[in-house]
Amino acid sequence: MILPPRTRFAPSPTGYLHLGHAFAALAAARAADRLGGTMLLRIEDIDQSRCKPEFEAAIYEDLGWLGLRWPEPVRRQSDHFADYAAELARLDDAGLIYPCFCTRAAIQREIAQSPSAPHGPDGPIYPGVCRDLDPREATGRRAAGEAFALRLDSAKARVAASPDLFFEDETRGRIAAQPEKFGDVVLARKDTPTSYHLAVTVDDHLQAVTLATRGEDLFEATHVHRLLQDLLGYTPPRYAHHRLLTNPGGKRYAKREGAVTLRALRDAGETPEQVIARLQPLG
Ligand code: GLU
């Protein structure tokens, strides 16, 4: 089945959009135009403690001001926790996830005690403390109300998955997926019934995204997403990881660094055309 081309821009409403976001949004929009398809907008707001409605409203306003359009309704992740729970249940039925009661501090202590602990792209990987808990103990602790995350058992997952796992990256070509380098990733957090890795994988599937354009910083995460897609029986999108925009000081734009927001530029009298022109030579 040939799916109609679809890309997506998937910001988190944790601050105002800045030039780095505009660059990413335009990359998604241009890729959709090039393919004769559609760019979707998705609101990645699973972290309810950091996301704010005013930032979400500003996303629509600022992208609209830039001249971007997207189909409605927009998918807002926090409206779809049931979808992620359903997919977690499938992984649970396959025996591929386990509850993890560790606190962040306990994990750090454990890692500090074994200096040779393996590192992944995001730092030291989870040392597996809860992986082999006696199931009766795990059930008892859950029943007693102890908070837990759900982790993927990466070794079992690798055995359950197709032996030849690849993803297609527009610039690098065919990449052999090596999800094991992340270890047992969290698929549902203690305070949130999903995680970035699970939500983005499920959504790209449910929204039939055919080309996921996103920042180079997420390239490594694609290894994990490819594994989840395989376990859940999804057709994977292709990927295009674009470089990250940096400020004149050579630093990546970030919300907390008081980066140049689109609204600040607009308030200073800049036009959308001027903002787009600023990004053009960088594209
Ligand atoms: N929400 C992610 C971000 O803000 C992008 C999602 C993705 O492309 O994986 O960086």
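Residues numbered from 1 in each chain as written. Predicted model: local features only at pLDDT ≥ 70, side-chain atom pairs only at ≥ 80, totals over all residues. Heavy atoms only, no water.

Trainee: How do you make sense of the overall build of the protein when you look at a structure like this?
Mentor: Helices and strands together make up the secondary structure of the protein, namely 10 helices and 12 strands. Whereas a compact globule of 283 residues would reach a radius of gyration of roughly 19 Å, the protein reaches 20 Å, a difference of no more than 12%. In terms of overall dimensions, the protein has C-alpha extents of about 65 × 45 × 35 Å along its principal axes. For the protein, buried positions account for 48% of its 283 residues. In the protein, 79% of the contacts between residues at least 6 apart in sequence involve partners at least 24 apart. Of the roughly 14100 Å² that the protein leaves accessible, carbon and sulfur atoms contribute 53%. (Helix = DSSP H or I, 4+ residues; strand = E, 2+ residues; numbered from the N terminus. Rg over C-alpha atoms; globule rule 2.2 N^0.38 Å. Buried < 20%, exposed > 50% of the residue type's maximum accessible area, 1.4 Å probe, protein only. Contact = heavy atoms within 4.5 Å. Areas by Shrake-Rupley, 256 points an atom, 1.4 Å probe, with all protein chains shown as cover.)

Trainee: Honestly, the site of the ligand in this entry has me stumped. Any pointers?
Mentor: The full set of residues close to the ligand is Arg 8, Ala 10, Ser 12, Glu 44, Tyr 196, Val 200, Arg 214 and Leu 218. Ala 10 is positioned with one of its backbone polar atoms (N or O) 2.7 Å from a nitrogen atom of the ligand. Here an oxygen atom of the ligand and a side-chain polar atom of Tyr 196 are 2.5 Å apart. In the complex, the protein chains occlude 76% of the 300 Å² of accessible area that the ligand would expose alone. (Near = heavy atom within 4 Å. Polar contact = N/O pair within 3.5 Å; in protein donor to acceptor, adjacent residues only side chain to side chain.)

Trainee: When you look at the side chain of Ser 78 in this model, what are you seeing that I'm missing?
Mentor: Structurally, Ser 78 can be placed in the loop between β3 (75-76) and α3 (81-93). On the basis of relative accessibility, which here comes to 18%, the residue Ser 78 falls in the buried class. Side-chain polar atoms of Ser 78 contact the side chain of Asp 45, separated by 2.7 Å.

Trainee: Teacher, can you tell me more about the packing of helix α7 (residues 196-206) against helix α8 (residues 221-232) here?
Mentor: Helix-helix packing is described using two parameters, namely the angle between the two axes and the distance between the axes. Following both chains from N to C, one finds α7 and α8 inclined at 60°, their axes separated by 10 Å at the closest point. Taken together, the axis directions place α7 and α8 in an arrangement best described as oblique. Seen from above, α7 lies across α8 with right-handed handedness. In this structure, α7 contributes Tyr 196, His 197, Leu 198, Val 200 and Thr 201 to the contact, and α8 contributes Ala 221, Val 224, His 225, Leu 228 and Gln 229. When its residues are assigned to classes, the contact of α7 with α8 shows 6 nonpolar, 4 polar and no charged. (Axes fitted to C-alpha atoms, helices over the stretch in contact; angles between N-to-C directions. Parallel < 35°, antiparallel > 145°, perpendicular 65-115°, else oblique. Left-handed = near helix turned anticlockwise from the far one by under 90°. Nonpolar A, V, L, I, M, F, W, Y, C, P; charged D, E, K, R; others polar.)

Trainee: When you look at α8 in this model, what are you seeing that I'm missing?
Mentor: Note: α-helices contain 3.6 residues per turn, so residues at a spacing of three or four share the same orientation. Between its first and last C-alpha, α8 extends 17 Å over 12 residues, near the 16 Å set by a 1.5 Å rise per residue. Burial of α8 is extensive: 11 of the 12 residues sit out of reach of the surface. With its phi angle positive at about 75°, Gly 233 sits one or two positions after the end of α8. (Expected span 1.5 Å × (residues − 1).)

Trainee: Just to check I follow, could you spell out the pattern of salt bridges for this structure?
Mentor: For the coordinates displayed, the defined rule picks out 29 salt bridges. With its nearest N and O atoms 3.5 Å apart, the salt bridge here joins Glu 170 to Arg 34. With Glu 170 in the loop between β8 (166-169) and β9 (173-176) and Arg 34 in helix α1 (residues 19-35), the pair connects residues that are 136 residues apart, well separated along the chain. Given the relative accessible area of 34%, Glu 170 is considered partly exposed. Between Arg 263 and Asp 62 there is a salt bridge, with the nearest N and O atoms lying 2.9 Å from each other. One end of the pair, Arg 263, is in helix α9 (residues 262-267); the other, Asp 62, is in helix α2 (residues 53-66), with 201 residues separating them in the sequence. Take Arg 263: its relative accessible area is 18%, and that puts it in the buried class. It is possible to trace a salt-bridge network through shared partners that takes in Arg 8, Arg 42, Glu 44, Arg 75, Asp 83, Asp 203 and Asp 204. (Salt bridge = Lys/Arg side-chain N within 4 Å of Asp/Glu carboxyl O.)

Trainee: What am I meant to see in the pairing of strand β11 (residues 211-215) here?
Mentor: Side-chain positions along a regular strand alternate between the two faces of the sheet. Extensive coverage of β11 is indicated by the burial of 5 of its 5 residues. Pairing of β11 with strand β12 (residues 238-242) involves 5 bridges; the strand directions are parallel. Paired with Thr 213 across the two strands is Ala 240, which belongs to β12. With respect to chirality, the unit in which β11 leads through α8 into the neighbouring parallel β12 is right-handed. (Pairing = 2+ DSSP bridges. Right-handed = clockwise from strand over helix to strand, strands pointing away.)

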